[in-house]
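For reference, the chains in residue letters:
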Amino acid sequence: MRLATTEQIFEPQGGRAPCSLRTALERGVRPAVGFQNPDDVVKDPHLTFRDKREILSSWASDASAVQDEPRLRWLLGTVEPVPLDEVRAAFKRLDAMEAGHDDRTH
């Protein structure tokens, strides 16, 4: 398993040419520095719903897939990979939170 959080060259899924950390950031992969799992993102009181969605989207992205382990995602700035199912579950929790927030504001 290759760590995708270093300045080293890393290989994206699908056999494309290797890309650098800078290239990944330019493609919209948002780092998750300070978060150990997707639920930490959902619970963060300082992020907007939009910010949370951007981070979770980057985590779910194929650009964050672990080479030879497509069910795992390793987002820039995190210590270890997490199962894609955890990212999907975090999206569902965020959807529910956002729906509850919209109900209170209307």
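All of the points below concern the structure found in this document. (Residues numbered from 1 in each chain as written. Predicted model: local features only at pLDDT ≥ 70, side-chain atom pairs only at ≥ 80, totals over all residues. Heavy atoms only, no water.)

Here we come to helix α3 (residues 49-60). When the terminal C-alpha atoms of α3 are compared, their 16 Å separation across 12 residues agrees well with the 16 Å that a helix rising 1.5 Å per residue should span. Listing the buried residues of α3 in full gives Lys 52, Ile 55, Leu 56, Ser 58 and Trp 59. Along the axis of α3, the buried residues cluster in a sector spanning 155°; they form a single face. (Helix = DSSP H or I, 4+ residues; strand = E, 2+ residues; numbered from the N terminus. Expected span 1.5 Å × (residues − 1). Buried < 20%, exposed > 50% of the residue type's maximum accessible area, 1.4 Å probe, protein only. Arc of directions from axis to C-beta.)

Let us look at the pattern of salt bridges. Counted under the stated rule, the structure contains 7 salt bridges. As a salt-bridge pair, Glu 54 and Arg 50 come within 3.4 Å of each other at their nearest N and O atoms. Of the two residues, Glu 54 and Arg 50 are both situated in helix α3; the distance of 4 residues between them amounts to about one turn of the helix. By relative accessible area, which is 33% here, Glu 54 ends up partly exposed. Classification of Arg 50 as exposed rests on a relative accessible area of 64%. Across the pair Arg 53 and Asp 95 runs a salt bridge whose closest N-O atoms are separated by 2.5 Å. Here Asp 95 lies in helix α4 (residues 84-105) and Arg 53 lies in helix α3, a separation of 42 residues in the sequence. One salt-bridge network, held together by shared partners, links Asp 39, Lys 43 and Arg 93. (Salt bridge = Lys/Arg side-chain N within 4 Å of Asp/Glu carboxyl O.)

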